[in-house]
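What the coordinates show
Spelled out, the chains give:
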Amino acid sequence: MSPRHIVVVGASLAGTGTARALREQGFDGRLTLVGDEPHPPYDRPPLSKQLLAGEREIGDIALPPTDGLGIELRTGAAATALRLADRTLALADGSRLDWDALVVATGAAARPWPAPVPGGVHTLRTLDDARALRRELAAEGARLLVVGAGFLGSEAAATAAELGVPVTLVEAEELPMARGIGTVAGGFVARLHREAGVELRTGTTLRSFTGAGRVTGAVLEDGTHVPATAVLLALGAVPGTAWLRGSGLLLDGAVVCDEHGRALAEDGTVVPDVLAVGDASRRPHPLTDGTLHLGHWSAAVEHAAVAARVLLHPAGAGELPEPPVAVPSFWSDQYGVRFRSLGLPHLADEARTVEYDVPGRRLEVTYHRDGELVGVLTANRTRRLAAYRPRLADAFRHRRAAAAAL
Amino acid sequence: MRIHVDMNRCESHGQCVFAAPEHFSFDEDDNLLVVEDVPADEAVRAAVREAAAACPVRAVTLHTDGTAA
């Protein structure tokens, strides 16, 4: 029997996707979608690109509407506490929801600076964040300092540079995006930044901000001062799971799940009727011993489809079918260069360069661990990715079968 | 069933090519090539639906008799 009332907490990609998938798969019970932001559900990848550039607004990045699907959408409603014992969810407005099944889809938030910051220091995770930073970039004499050259920081620096704003990009590692895609591709990205006039400062970090009340720049660990009218902190993301502390769910940053996305309790057993999806979850993958956290757009979509199947799996129908082996994918657009990736490059111990052509804006790198293919990244060469996909799926399937046979 | 791709939205993510290579492919410069007419074969249609659903920029829409499917 499927649950009578399913509550999905989090109304971004993974949450709305789960709610839609439940209806598409035939769930006809009560369905509530709770989101903490005031806006109707929207897609986040454009925030650091077209939204920041002013090319798109909320209407252009809306997620497919949930209207007409019999979904009770509650925006501006942050979840504050989950009680497993009596199956309730507390919201910030003091109200309480009873549930028969619950899906945690509260995503992630920008990692904050560990001390109070002056005005003009931003993070970028929400539509309101993107609008606020856009206003800064449009101001006369704007100068942007971006702290952290991961995907988000690198994209935002590229967007600002293309708007004609002077940009300094500070990164603790020796190359941008190196933790995610390695030093070869990181070197490629570094050259794109420098060609565009971005002052890239690597191997150093930010020591402190300057300016009283309103930021005027920052002092780096090497003692130099970088002037700026605005600062973007792009220090990574933290799963939005603080509201689950003390709930009894096993947390390792994100909610620790089994391969179906079912939440685990602190004793490692499956919690009945509670799932987690997207950035708020971590789950096993054949290439890791424990669980893996991927902040990928594609993972959120896949998790949503699996979650709906699990929730609607009839009791008495036997074991849940094994979920398909996912081939993760992610992308990044900078300076008109389309980086596209499959697999798990960040787990590799070796990168092999197939093509490296900065003037031609083309790149193809494969990633290996113990000699085995685990990922691939291309720039403006998506055509070449397709051939790698079945190879990666096979490799991951073999790994899973081998692990199961142990 | 007919496929429509909004080329102003397409960013060459390739998810449609992975899902339904019979209907989606790239030329040498990553421009998407589409075989728009989908035969009445349920396996092919399922693959095309998956392709539309996987598009990160929702550039792929499906139409039956002139209406969105």
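Rules behind the numbers
Residues numbered from 1 in each chain as written. Chains lettered and ligands numbered in written order. Predicted model: local features only at pLDDT ≥ 70, side-chain atom pairs only at ≥ 80, totals over all residues. Heavy atoms only, no water. UniProt positions renumbered as here; feature names shortened; annotations may be inferred. Helix = DSSP H or I, 4+ residues; strand = E, 2+ residues; numbered from the N terminus. Buried < 20%, exposed > 50% of the residue type's maximum accessible area, 1.4 Å probe, protein only. Pairing = 2+ DSSP bridges. Contact = heavy atoms within 4.5 Å. Axes fitted to C-alpha atoms, helices over the stretch in contact; angles between N-to-C directions.

Within the UniProt annotation, "domain: FAD/NAD(P)-binding" (unreviewed entry) is assigned to residues 5-303 of chain A. Along residues 5-303 of chain A the backbone is 23% helical and 29% strand, and the end-to-end C-alpha distance reaches 20 Å.

Residues and elements named next belong to chain A. Of all eight residues that make up strand β27 (residues 362-369), seven are buried, and the element is covered over most of its length. Relative to β27, strand β26 (residues 350-357) is paired through seven bridges, and the arrangement is antiparallel. In the strand pairing of β27, Thr-353 is matched with Val-365. Counted along the chain from β27 to the antiparallel partner strand β28 (residues 372-379), the turn is two residues long, and its residue Asp-370 has a positive phi close to 50°.

Residues and elements named next belong to chain A. What you see with strand β7 (residues 101-104) is no split at all: Ala-101 and Val-103 on one side and Leu-102 and Val-104 on the other are buried throughout. Bridge count for strand β1 (residues 5-9) against β7 is four bridges, and the pairing is parallel. Bridge pairing in β7 links Val-8 to Val-103. As judged from the three bridges shared by β7 and strand β21 (residues 270-276), these two strands associate in the parallel manner. Counterpart to Val-103 in the pairing with β21 is Leu-275.

With that out of the way, let us pick up the UniProt feature "domain: Reductase C-terminal" (unreviewed entry) in chain A. In the UniProt entry, the feature "domain: Reductase C-terminal" (unreviewed entry) is given for residues 330-404 of chain A. Across residues 330-404 of chain A, the secondary structure splits into 28% helix and 48% strand, with the terminal C-alpha atoms separated by 28 Å.

This part is about the sheet that holds strand β11 (residues 167-171) of chain A. All names here are of chain A. Reading across from one edge, β9-β16-β10-β11-β12 is the order of the five strands in this open sheet, with parallel pairing throughout. If you trace the sheet from one side to the other, it starts and ends with β9 (121-122) and β12 (199-202), each paired once. As judged from the four bridges shared by strand β10 (residues 144-147) and strand β16 (residues 230-233), these two strands associate in the parallel manner. Of the residues in β16, the one forming a bridge with Val-146 is Leu-232. Against the sheet, helix α5 (residues 151-162) contacts β10, β11 and β16, and its axis sits at roughly 165° relative to β11.

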